[in-house]
Every structure is written in C-alpha cells, then in structure tokens.
Amino acid sequence: MTKFITGIVFISAIIGIFSFRSMPVDTSTEAISNDSLNAAKQKFVDEIMISIKGKEKMQADSVFKNLKMLNDMPADRLLGLMNNGFSKALGVGCDHCHNTQDFASDEIPAKLIAREMMTMSGKIREMLSQMKEIKDENAHVSCTTCHRGSIVPATKME
C-alpha cells in the first residue's frame, strides 16, 4: 500500500512539473510593467487607507484636502475610482497626476487637466441624455471612451 501511495505521489509530482512548465508565462515588458504599476498604485492606496482608518465611509471632502470634484462620495470609493477608474483608463500611476508626497498639491498639470476633462465628460453625458434618438437611458462616456489605457486619447481607428 505504501508503494502504491508513493507511486501516486511521484506520478502526480511529475505531471505537476510538466503542467507547470507548459503553462504560458507572459514575460513581455508590458505585462511586467503592468504588474509593477499595479503594485505601486496598490501601495499608495494601502497607505492612504491606513491613514484614513475609521473615516472610509465619510464624505471624501471631509477626509481629503483640496478636492474640487467627486467630493460628495465616500472616501474609500474615491480611492477605488482613482485606482480602478482613472489610472486604468489612462494606463498611469498615482504620480501621473499627484505629487505622492502631497496628494492635495496642484503642482502637476495633469491633475488640472483631469479636472477639466471630468467637466467635459459631464457635459457630454448631459448632451447624450438629451439626444432623443438615443434610446439607451444609460448612454455614457468616460475617460476610457477615448483614452483606452493610454495617456494620449485615441484619435484614429486601427
């Protein structure tokens, strides 16, 4: 019986080794870069979540300084939107728009541009809602609509 169990363990190990070796591994620069970017973003989110512990559900503008937009949502939702919305839509990390030593600072022009782009998107959503021929009540435009993971908006069809 012991030989039987040892044999099964041995065969399972061999199958496991060959299965693992045949699994595709994405070693492209883009995949490694995305992993690094996501890890860096998550590090900031984790640090901020620790710093606002107990205030996660409070209105964002009572937790964070210098919010000009999105100030009426819960603080933790704002962080999620920044991490999983804006940064993914543009393929960037926190440091693209923020001085990561002082997130409230407006010193980086991309932060100001983002605010203007949010205003523009809001106006477009308002226009969409008034277009009579569009039957979808949820017609929507967001950063992803144009940016598609790139800082520079898509201007050509491939």
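Please refer to the structure higher up on the page.
Rules behind the numbers
- Residues numbered from 1 in each chain as written.
- Predicted model: local features only at pLDDT ≥ 70, side-chain atom pairs only at ≥ 80, totals over all residues.
- Heavy atoms only, no water.
- Patch = residues over 30% accessible without salt bridge, like charges linked within 9 Å, V, L, I, M, F, W, Y side chains within 5 Å.
- Areas by Shrake-Rupley, 256 points an atom, 1.4 Å probe, with all protein chains shown as cover.
- Salt bridge = Lys/Arg side-chain N within 4 Å of Asp/Glu carboxyl O.
- Helix = DSSP H or I, 4+ residues; strand = E, 2+ residues; numbered from the N terminus.
- Buried < 20%, exposed > 50% of the residue type's maximum accessible area, 1.4 Å probe, protein only.
- Core = buried A, V, L, I, M, F, W, Y, C linked by side-chain atoms within 4.5 Å.
- Contact = heavy atoms within 4.5 Å.
- Expected span 1.5 Å × (residues − 1).
- Bend = angle between axes of the 7 residues up to and from the residue.

### Considerations on a nonpolar patch on the surface
Move 1: Among the surface-exposed residues, I113, M117, M120 and I124 lie close enough to one another that they form a single nonpolar patch of about 310 Å² accessible area.
Move 2: By secondary structure assignment, the location of M117 is in helix α5 (residues 109-130).
Move 3: For M117, a relative accessible area of 31% translates into the label partly exposed.

### Observations concerning the nonpolar core
Move 1: Within the largest apolar cluster, nine residues are counted, these being I48, I52, A60, V63, F64, M73, A75, L78 and L79.
Move 2: Every element with two or more residues in this core is listed here: α3 (60-63) and α4 (75-90).
Move 3: Broken down by element, this core gets its largest block of residues, three residues, from α4.
Move 4: Beyond its immediate stretch of four places on either side in the chain, F64 contacts I48, I52, A75, L78 and L79.

### As for α4
Move 1: Its 16 residues give α4 an end-to-end C-alpha distance of 22 Å, which sits within 8% of 22 Å, the value for a rise of 1.5 Å per residue.
Move 2: The largest bend along α4 measures about 30° and falls at M82.
Move 3: Once α4 ends, the next one or two residues include G91, with phi positive near 65°.

Taken by themselves, the reported measurements are silent on function.
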